[in-house]
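Secondary and tertiary structure notes
The primary structure of each chain is shown beneath.
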Amino acid sequence: MFDVLGKRTESVFPSFSDLPSTRFASAIVLSTDKKLETLALVAKAALTCSKGASIWIAGEKDVGIASIAKALVKCGEVSSKTSKAHAMAFEFKITSEDNLNALNKLVVEGDFTHFDDPSSKLSWQTRPGLFSHGKIDKGSELLLQHLFPNMSGTVADLGAGW
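Residues numbered from 1 in each chain as written. Predicted model: local features only at pLDDT ≥ 70, side-chain atom pairs only at ≥ 80, totals over all residues. Heavy atoms only, no water.

The next point concerns the confidence of the model for the chain. With 64% of its residues at a pLDDT of at least 70, the chain reaches an overall mean of 76. Taken element by element, the chain is modelled with least confidence in helix α1 (residues 2-6), mean pLDDT 41, and with most confidence in strand β4 (residues 87-93), mean pLDDT 95. Across residues 1-10 the pLDDT falls below 50, and counting only partners more than four positions away or on other chains, this stretch makes six contacts in the model. (pLDDT = per-residue confidence, 0-100. Helix = DSSP H or I, 4+ residues; strand = E, 2+ residues; numbered from the N terminus. Contact = heavy atoms within 4.5 Å.)

Attention shifts here to the pairing of strand β1 (residues 24-30). Both β1 and strand β2 (residues 49-60) contribute to a ladder of six bridges, which runs parallel. The partner of Ala27 across the bridge, within β2, is Ile55. (Pairing = 2+ DSSP bridges.)

This part is about the environment of Leu41. Turning to its location among the elements, Leu41 is positioned in helix α2 (residues 35-47). A relative accessible area of 26% means that Leu41 is categorised as partly exposed. For the pair Leu41 and Leu106, spaced 65 residues apart in sequence, the C-alpha to C-alpha distance is 8.8 Å. (Buried < 20%, exposed > 50% of the residue type's maximum accessible area, 1.4 Å probe, protein only.)

Positive phi outside glycine occurs at Ser80, with the angle close to 55 degrees. Residue placement: Ser80 occurs in strand β3 (residues 77-84). Residue classification places Ser80 among the partly exposed residues on the basis of a relative accessible area of 40%. A positive phi angle, near 50 degrees, is found at Ala85, a position not held by glycine. By the secondary structure assignment, Ala85 is in the loop between β3 and β4. Overall, Ala85 belongs to the exposed group, its relative accessible area being 60%.

This paragraph deals with the side chain of Thr38. When you line up the elements, Thr38 lands in helix α2. With sequence-adjacent residues up to four places away left out, Thr38 is seen in contact with Ser31, Thr32 and Ile68.

A cluster of nonpolar side chains, contributed by Ile28, Leu30 and Trp56, occupies part of the molecular surface with about 340 Å² of accessible area. With respect to the element layout, Leu30 can be found in strand β1. (Patch = residues over 30% accessible without salt bridge, like charges linked within 9 Å, V, L, I, M, F, W, Y side chains within 5 Å. Areas by Shrake-Rupley, 256 points an atom, 1.4 Å probe, with all protein chains shown as cover. Salt bridge = Lys/Arg side-chain N within 4 Å of Asp/Glu carboxyl O.)

Written out as structure tokens, the structure reads:
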């Protein structure tokens, strides 16, 4: 999608780290199936836009777009709700400075969390929406205890419980 849009006259930025320092007039966010991740994306988009800018959020009803709209009411103004078949879209605007604090909290809650376990000398990162967020799951713990007792260095646990 970015390649197609990038060939047109619009500026398209595939990640937040690529965003320019200027503020945007509007943004569009497509929800994921993870509520905290989507709220963090909306918050990041809103924080890159000028005050009062429209942030349009769209997503499928069966993955919780309505609960995202409900959560965002605490952080600004939600309006222009429209739905069709299995999807919903709505507009979100920052209406006060207090909204910025609430949005920053959403960014932190939806971002990666780092954990250290001094007893096992292990550390890991996880993010909300992943299975067993915030603690090691029993399957990964079992693997660590029995399959890799002398493991060291950096290891990726992909597709496992975390």
